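Structural characterization, general
Chain residues, written in single-letter form:
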Amino acid sequence: MDEILQIAAEAKAVKLELYCLTIAGLASFLQECYKPNMILQKYKAFLLKSWDERPRKILKPLGLCIYCQLFWLNTIAYPFYFKGYDLNYILTIGGTFAAVELIRLIQNGSAKG
C-alpha cells in the first residue's frame, strides 16, 4: 500500500512540474510574440502607448511584466488543469517563477552559443 501511495505522490509531483513548465513556456512565448515584427507587436505598442493614459497597475499583468502575466496565467489556468484550487496552487506560483527563469537561462545560453 505504501508503494502505491509513493507512486501516486511522485506522479502528482511530476504533473505539477510539467504544469509549471507549461505555464512558464506560455508566458515566455507571449513575451517573444511582443517583440518587433511578431504577431503581438501591435498589442505591446498599445500597452506602451497606454502607459501614461491608464492605471499602471493593470498594464503590467496584461503583458508588460512577465512575472505579473505569469501569476495571472497560473491563477486562471490552475483550476481548469487541476479541477479547482488546493494547497498545491501555492507551490505552482513558485514553480512557475522558477521555470520561467530556467527558460530564460536556456534562451540566454543558446543565444551566446
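Structural data are supplied above this passage.
Residues numbered from 1 in each chain as written. Predicted model: local features only at pLDDT ≥ 70, side-chain atom pairs only at ≥ 80, totals over all residues. Heavy atoms only, no water.

Some remarks on the side chain of Thr 75
Relative to the helices and strands, Thr 75 is located in helix H4 (residues 66-82). Residue class for Thr 75 comes out buried when judged on its relative accessible area of 15%. Filtering out sequence-adjacent residues up to four positions away, Thr 75 remains in contact with Tyr 85 and Tyr 89. (Helix = DSSP H or I, 4+ residues; strand = E, 2+ residues; numbered from the N terminus. Buried < 20%, exposed > 50% of the residue type's maximum accessible area, 1.4 Å probe, protein only. Contact = heavy atoms within 4.5 Å.)

Brief notes about the pattern of salt bridges
If you walk through the whole model with that rule in mind, you get one salt bridge. Measuring nitrogen to oxygen at the nearest pair gives 3.1 Å for the salt bridge that ties Lys 35 to Glu 32. The exposure class assigned to Lys 35 is partly exposed, which follows from its relative accessible area of 41%. Look at Glu 32 and you get partly exposed, because its relative accessible area is 29%. (Salt bridge = Lys/Arg side-chain N within 4 Å of Asp/Glu carboxyl O.)

A look at the packing of aromatic side chains
Going through the model one piece at a time under the given rule, you end up with eleven aromatic pairs. Relative to Tyr 89, the ring of Tyr 85 lies with its centre 5.2 Å away and its plane at 85°, an arrangement referred to as edge-to-face. On the basis of relative accessible area, Tyr 85 is assigned to the partly exposed category, the value being 49%. Overall, Tyr 89 belongs to the buried group, its relative accessible area being 12%. Taken together through their ring pairs, the aromatic side chains of Tyr 19, Tyr 78, Tyr 81, Phe 82, Tyr 85 and Tyr 89 make up a single cluster. (Phe/Tyr/Trp six-rings, centres within 6.5 Å; stacked < 30°, edge-to-face > 60°.)

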